[in-house]
Amino acid sequence: MTEARPGVVASASLWERDEEVATLEEAIAALCADSGSSGSLLVFSGEAGLGKTALLAEARRIAESNGCAVWSARGGETVTSVPFNVVRQLLQPALVSLLPEEAREYLGDWYDIAGPALGIAEPGDRQPDPQGVCDGLVAAVRRLAKREWPLVLLIDDAHWADQETLRWLAAFAERFDDLSVLVVVARRPGGVSGESARHLDAVAAAARPIATLNALTPAAAEGLTRATLGEHADAPFCREVWAVPGGNPYETVELLAKVQDSELEPVEGSAAELRALNRSARGRGLVARLEGLGIDATRFAWAAAILGTGISLDLAAQLAGMQDDEAQRCAELLGAARILTATQMTNGQVVDGELEFVHPLIATAVYRSIPDALRTAMHGQAAWAVTESGRGAAAASRHLLEVHPDDDPELVEQMREAAREHLAVGAPDAARRCLERALAEPPLPDVHAHVLYELGCATLLTAPSKTIGHLRAALERPGLQDDMRVDAVFRLSQALLHNNQLDEAVRTVDEEVARLAPGPARMRLQAVHYMWEGIHAGEERSSGRSGLAELASTCTGRDNSERALLILRGFDAMTRGENAEEVVELCDRALVNGRLAPGLGWTDTEWGVELLLMLGSAYAYADRLDRAESLFSEALHAYVKAGWSGGHLSLANAYLGLAHRRRGRLVDAEHYQRESLRLAERVGRGLPLYWSATCGLIDTLLARGHVQEAAEIADRYGFAPPYPATIVLPDTRSVRGRLLIAAGRTNAGVNELEAAEKAATARGHHNTVLAPWAVDLARALASEDPTRAAALAADARRQAERFGTDTAIGEALRCAAALESGQRAVRLAAQAVTYLEASPCQYEHAAARVEYGIAARSAAELRKGLTLARTCGADGLVAKAGEALASL
């Protein structure tokens, strides 16, 4: 049993915690033994008062005695709405001790992304991606941990940590393999819901298993009583010390402290008085004890409870309406009563003038003892005091969230400003709460639509369905004018698209177009209409193609609306298999000196990522792979630099993988597509970007000859109907049909390819490279239905010659050769090689060489094909060529 000196209760909460302490000692010893060891995570869970905080204090003692750097933070019941509150407590002291140039050096590219969230750098011009900020915080700790090794991070009351911190902690817990750091977390079970609960569950799952803390046994209470009061404490008295607080370590310690204060004799005759003493340590008893200290001390304690954690002495004094010397006296009085305590050390540094409650149970009791009306008023006063102190609207907003609506235009503006500050550091959920509170005030009529619009923008990345309601309501009210109204319509249509309501997205845009006079705004929404129609996977709208072609024919590319229409027309022409040179000419006209126009970049929000993905895809399938790769590489770089680590970065990886797949760099393609799928998993399954990542990876694995792995990916990630409402590149049905055939399920594969034929025909898509169902179906039907196979191959060749690229024609000739035999097969295979040799698609060239070598029984051609296949990373093709060579 843990020993303690008589009269000392500081370590009392460690009684019967020998196993937990041993775990801490073992983890810290392992951390200190090797700077290259993997990190570890410990989570202590237990109800209030069971000794979690005492275990963290012991962790600090052990760590510091072993020469570790120790950083700590604590959640607070009243500050859960403050984004990055806990992670700032954890990291800020270490970072602010560095010179700005040192901090920038250690954080590197992440400085501008994570710095604003940590409060050490000013926000940039663009709204950061929350996932990017989270990744930046992970990177910050990783880099600082290497600098500060051995490093121990302590987080108390994690159940009260803000959602942004918990998101970071869950992400950090996944990446301990190559990072030597110990993280110790204390939390209560339950009491958390939604995203915060999910993050805490992920943290618990990543931690070393530790049993939930239990109450003290009677034997432990007896030992603790005698260690505190002396060996003369008799057994009945000790038994009552255990029974009165139910073995709760914190309440037991407080009870024994009160026994000492009252000089109660620890014998059976005094045991009856323990219940009265215990009541003064909790609930109404604690409140009565607080009130007994006087009105000034009570008022000061109330002010401290309103402020929450990291309580500033001067701010508490201001809120309580006191002079500094009077506040200091109250703080000392509350300290003597074990209600408040001075914060001696934070992350190894003395912090003057800060206070905290001795225990969260005391903080809760004091906060709840404030009369409701007064508590609300004090939050309003706290908001004013925080604002006056220069801490900003975001810091004041948590108090304003507690103030009752009162038709206050100033509060509305404060919450709008707070929302902007939250968005600027990557906390859209906090911004949403502020704007929802502003709506409840409510805003003045001429401001109401603007608040709804801002709320819709704040939730666009996190809650498309809520965005739809907010933006619709904004558009129904007067107030949004000109460009802002057009932008609201565009964002509403985006939200509808991401909510799988594509038809409604198009109708929304069309209704606004009908209201607008000719001009740039109308043209922008017309372009948006065709953009959504262009990525729609359903049947073709009869007016779509002709309307787009007519509108684009008048465009010279003089502004971004015209450039958008040129891109859309180029993409449309590519999908239909029109002349590839005309496709490229349309796309080139949308550029400015060969580059994206200002305002039309990857991180610009006026048009969205879809338009530029269409531009790059048009180049990719028109055999201008150098331009496609350049565009998608630029996207990847732009998103990494901006810290956009969510859906945008997933798409950039997927489409850069597509460019490498088209070039025949299959190993590189697989790398980018796997990264895309990893990122897409974080965003959420079922979205179009998720399909792009999965489909692209399966297509590449099939090209590499890794059929079993492709099938496993398909099963794991649900690559099967129903398909999304938006088109996916490469074509989902074509890829799945090829997979089924490769896996030996020929009939199912043929059915899938026939479904691809039907979908492509309904959509007017005749590009045989974009949707190669025809050549795959022709090969699959060669034995069973040679007549239909020949017709499919002939039609594919006609469509390929119409499109005119070397890749399309070469692939059609490969298909035709596969259906023939003898010298005709050899001649067609040779023609396929000629075209594909001029194509930028090296995998297809390698496949044509191997097939030609087999048809012509040419060892020289097979060796050329084998060399190309190895360069591409096409393992299946390498094996095929090797077997053919061996058989000659």
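Residues numbered from 1 in each chain as written. Predicted model: local features only at pLDDT ≥ 70, side-chain atom pairs only at ≥ 80, totals over all residues. Heavy atoms only, no water.

S.K.: Let's hear about the overall build of the protein: which residues, and what values?
M.R.: The helix and strand inventory of the protein stands at 44 helices and 7 strands. Overall, the C-alpha framework of the protein stretches about 110 × 70 × 50 Å when taken along its three principal axes. Of all 888 residues assigned to the protein, the portion counted as buried reaches 58%. Of the contacts formed within the protein by residues at least 6 apart in sequence, a portion of 68% connects residues at least 24 apart. Charge-centre separation for the protein: the mean point of 89 positive side chains lies 6 Å from the mean point of 121 negative side chains. (Helix = DSSP H or I, 4+ residues; strand = E, 2+ residues; numbered from the N terminus. Buried < 20%, exposed > 50% of the residue type's maximum accessible area, 1.4 Å probe, protein only. Contact = heavy atoms within 4.5 Å. Lys, Arg positive; Asp, Glu negative; His and termini not counted. Charge placed at Lys NZ, Arg CZ, Asp CG, Glu CD.)

S.K.: Can you tell me about unusual backbone geometry, naming the residues and giving the values?
M.R.: The linkage connecting Trp-149 with the following residue, Pro-150, adopts the cis geometry, with an omega of -5°. Examined against the element boundaries, Pro-150 turns out to sit in the loop between helix 6 (130–148) and strand 3 (151–156). In this chain, Glu-441 is followed by Pro-442 through a cis amide linkage whose omega measures -5°.

S.K.: Kindly report on the packing of aromatic side chains, identifying the contributing residues and their values.
M.R.: Inspection of the entire model under this criterion finds 9 aromatic pairs. Relative to Tyr-723, the ring of Trp-691 has its centre 5.5 Å away and its plane inclined at 70°; by these criteria the two rings are edge-to-face. Residue Trp-691 is located in helix 34 (residues 688–704), and its partner Tyr-723 is located in the loop between helix 35 (707–716) and helix 36 (732–742); the two are separated by 32 residues in the primary sequence. Judged by relative accessible area, which is 16%, Tyr-723 ranks as buried. In textbook terms, an aromatic cluster arises when at least three aromatic residues are bridged by ring pairs, as seen for Trp-602, Phe-632, Tyr-639, Trp-644 and Tyr-655. One cation-aromatic arrangement involves Arg-524 over Trp-607; the distance from NZ or CZ to the ring centre is 5.7 Å. (Phe/Tyr/Trp six-rings, centres within 6.5 Å; stacked < 30°, edge-to-face > 60°. Lys NZ or Arg CZ within 6 Å of the ring centre and 35° of its normal.)

S.K.: Explain a negative patch on the surface to me, and be specific about the residues and the numbers.
M.R.: Negative charge collects at one region of the surface, where Asp-406, Asp-407, Asp-408 and Glu-410 lie side by side. Following the sequence through the fold, Glu-410 ends up in helix 20 (residues 409–424). (Patch = residues over 30% accessible without salt bridge, like charges linked within 9 Å, V, L, I, M, F, W, Y side chains within 5 Å. Areas by Shrake-Rupley, 256 points an atom, 1.4 Å probe, with all protein chains shown as cover. Salt bridge = Lys/Arg side-chain N within 4 Å of Asp/Glu carboxyl O.)

S.K.: Now, about helix 42 (residues 842–856): what can you tell me, with residues and values included?
M.R.: Helical periodicity: at 3.6 residues per turn, an α-helix aligns residues three or four positions apart in one direction. Between its first and last C-alpha atoms helix 42 spans 21 Å; for 15 residues at 1.5 Å apiece the expected length is 21 Å, and the two agree. Where burial is concerned, most of helix 42 is hidden: 11 out of the 15 residues are buried. Tyr-843, Glu-844, His-845, Ala-846, Ala-847, Ala-848, Arg-849, Val-850, Glu-851, Tyr-852 and Gly-853 are the residues of helix 42 that are buried. Remark: Arg-857 follows helix 42 within two positions and exhibits a positive phi of approximately 50°. (Expected span 1.5 Å × (residues − 1).)

S.K.: Requested: an account of the nonpolar core, with residues and values cited.
M.R.: Core analysis: the biggest nonpolar cluster contains 183 residues, and Phe-300, Ile-339, Phe-357, Trp-532, Trp-602, Leu-615 and Ile-698 have the highest contact counts within it. In terms of residues, this core owes the most to one element, helix 30 (residues 609–621), which gives 10 residues. Each residue touching Phe-357, except ones within four places of it in the same chain, is listed here: Arg-74, Ala-301, Ala-304, Ala-305, Ile-311, Ile-339, Leu-340, Ile-362, Ala-363 and Val-366. Formed by 55 residues, the second largest nonpolar core is a distinct cluster that contains Leu-41, Leu-95, Trp-110 and Phe-172. (Core = buried A, V, L, I, M, F, W, Y, C linked by side-chain atoms within 4.5 Å.)

S.K.: Please set out helix 20 residue by residue, giving values where relevant.
M.R.: Relative to the 22 Å expected for 16 residues at 1.5 Å per residue, helix 20 spans 23 Å between its end C-alpha atoms, a close match to the ideal helical length. Every buried residue belonging to helix 20 is among Leu-411, Val-412, Met-415, Arg-416, Ala-418, Ala-419, His-422 and Leu-423, and all of these are buried. Looking straight down helix 20, one finds that the buried residues subtend no more than 160° of arc, so they occupy a single side. One or two residues past the end of helix 20 sits Gly-426, with phi positive at roughly 90°. (Arc of directions from axis to C-beta.)

S.K.: Account for the environment of Asp-731, with residues named and values stated.
M.R.: Locating Asp-731 in the fold gives a position in the loop between helix 35 and helix 36. Separated by 49 residues in the primary sequence, Asp-731 and Ala-780 place their C-alpha atoms 18 Å from one another. Beyond its immediate sequence surroundings of up to four residues, Asp-731 is in contact with Cys-695, Ala-756, Leu-770 and Ala-771.

S.K.: Give me the lowdown on the sheet that holds strand 4 (residues 182–187), citing residues and values where you can.
M.R.: On the basis of which strands lie adjacent, the open sheet formed by 4 strands has the order 1-4-3-2 and parallel pairing. Edge positions in the open sheet fall to strand 1 (40–45) and strand 2 (69–74), since each of these has one partner strand only. For this sheet, the mean inter-axis angle between neighbouring strands, taken without regard to orientation, is 15°. Judged from the 6 bridges that link them, strand 2 and strand 3 form a sheet pairing that is parallel. Its bridge partner lying in strand 3, Val-70 is registered against Val-152. (Pairing = 2+ DSSP bridges. Axes fitted to C-alpha atoms, helices over the stretch in contact; angles between N-to-C directions.)

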